[in-house]
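Structural characterization, general
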Amino acid sequence: MMDVTVALVALVLAAPVMLIVALLIWVTDGGPAIFSHTRVGFNGKRFACYKFRTMVANSQQVLADYLANNPEAAKEWEQNWKFKNDPRITFLGRILRKSSLDELPQLINVLRGEMSCVGPRPVVPDELQRYGACAAEYLQARPGLTGLWQVTGRDAVDYASRVSIDSRYIRNWSVWADVVILVRTIFAVMKFDQAS
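For the protein, the name recorded in an unreviewed UniProt entry is UDP-phosphate galactosephosphotransferase, with Mesorhizobium amorphae CCNWGS0123 as its organism. Regarding the protein, the relevant UniProt record gives this comment under Sequence similarities (unreviewed entry): "Belongs to the bacterial sugar transferase family." Per its UniProt entry, the protein bears the Subcellular location (unreviewed entry) comment "Cell membrane".

Rendered as structure tokens:
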């Protein structure tokens, strides 16, 4: 009930911003504004997670070339599944990521019951193996549009810490904790230096 209510209100309020973002992506880079990627949800069910597209259209090829030609980048990718300076991200994409506006389409995932407003980070299937013994805990919750990790440091923490934070959230879940995280998210997204 709380997820649907929050998501509906947020979607109505964010609709003008979402329309502007979609138009900017289309004008500056062409192609589709919305990108979907397979993520693992509650009980291991996979779903298409929506985001505004922040990367170049041929991002997979750019990634393959970058990893093949940069051993240090390949090592960074292996450790974190992301880069500090990702060559695939467009100029507008960097702004969207810093402001977390790229995640607004996930409100649709919340309305569809695939995600919650608050929960662990939505991960890709290959990423779940890195959760080790914590994978079972991860599968007991719906991934969140925001979560404890996002308000505890965002990209300033390493991967193992992200897993630990997600597990701690699931073990100690409460409605009150979710409300606190939602409020803290407002301040967290203002810290552009801690976003990817």
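1. Thoughts on unusual backbone geometry
In this structure, N43 is a non-glycine residue whose phi angle is positive, near 60°. As for its placement among the helices and strands, N43 is situated in the loop between strand 1 (34–40) and strand 2 (46–52). Of the residues examined, N43 reaches a relative accessible area of 60% and is grouped as exposed. One non-glycine residue, S100, lies in the positive phi region at around 65°. In this structure, S100 sits in the loop between helix 4 (91–99) and helix 5 (106–111).

2. What about the side chain of T185?
Tracing the chain through its elements places T185 in helix 9 (residues 175–188). Under the relative-accessibility criterion, T185 is labelled buried at 17%. Of the polar contacts made by the side chain of T185, one reaches the backbone oxygen of I181; its length is 2.7 Å. The contacts of T185, once residues within four sequence positions are left out, are T146 and V151.

3. Description of the pairing of strand 2
Remember that side chains alternate between the two faces of the sheet whenever the strand is regular. In this sheet, strand 2 lies alongside strand 1 in antiparallel orientation, the contact comprising seven bridges. The partner of F35 across the bridge, within strand 2, is K51. Taking the residues that link successive antiparallel strands as the turn, the strand 1-strand 2 hairpin has five residues, and the phi of N43 there is positive, at about 60°.

4. Some words on empty space enclosed by the protein
According to the stated counting rule, one finds one cavity of 30 Å³ or more in the structure shown. Space inside the largest cavity adds up to approximately 50 Å³. Around the largest cavity, the lining residues are I25, T28, D29, R53, M55, T90, L92, G93 and L96. For the lining of the largest cavity, the elements supplying multiple residues, two or more each, are helix 1 (2–29) and helix 4. Split by residue class, the lining of the largest cavity holds four nonpolar, three polar and two charged.

5. Concerning the packing of aromatic side chains
Counting across every chain of the model gives one aromatic pair. A cation over an aromatic ring shows up here: R142 above the ring of F42, its NZ or CZ 4.9 Å from the ring centre.

6. So, the layout of surface pockets
Here the second largest pocket is characterised by a volume of approximately 270 Å³. Lining the second largest pocket are 15 residues; nearest its centre among them are S116, V118, Y169, W173 and D178. At the level of elements, helix 1, strand 3 (116–118), helix 8 (159–171) and helix 9 are the ones that each hand at least two residues to the lining of the second largest pocket. Per-class residue counts for the lining of the second largest pocket are nine nonpolar, three polar and three charged.

7. Digging into helix 1
At A14, helix 1 shows its maximal kink, close to 55°; a proline, P16, follows between one and four residues later. Here helix 1 has its buried residues at A7, A14, M18, V21 and I25. Turning to helix 1, the residues buried within the fold contact strand 2, helix 4, helix 5 and strand 3. Note on helix 1: the residue one or two positions beyond its end, G30, has a positive phi of about 70°.

What counts as what
Residues numbered from 1 in each chain as written. Predicted model: local features only at pLDDT ≥ 70, side-chain atom pairs only at ≥ 80, totals over all residues. Heavy atoms only, no water. UniProt positions renumbered as here; feature names shortened; annotations may be inferred. Helix = DSSP H or I, 4+ residues; strand = E, 2+ residues; numbered from the N terminus. Buried < 20%, exposed > 50% of the residue type's maximum accessible area, 1.4 Å probe, protein only. Polar contact = N/O pair within 3.5 Å; in protein donor to acceptor, adjacent residues only side chain to side chain. Contact = heavy atoms within 4.5 Å. Pairing = 2+ DSSP bridges. 1 Å grid on protein atoms, 1.4 Å probe; cavity = no way out; pocket = protein on both sides within 12 Å on 5 of 7 lines; lining within 4 Å. Points joined across faces, edges and corners; volume = space filled by probe spheres on them. Nonpolar A, V, L, I, M, F, W, Y, C, P; charged D, E, K, R; others polar. Phe/Tyr/Trp six-rings, centres within 6.5 Å; stacked < 30°, edge-to-face > 60°. Lys NZ or Arg CZ within 6 Å of the ring centre and 35° of its normal. Bend = angle between axes of the 7 residues up to and from the residue.

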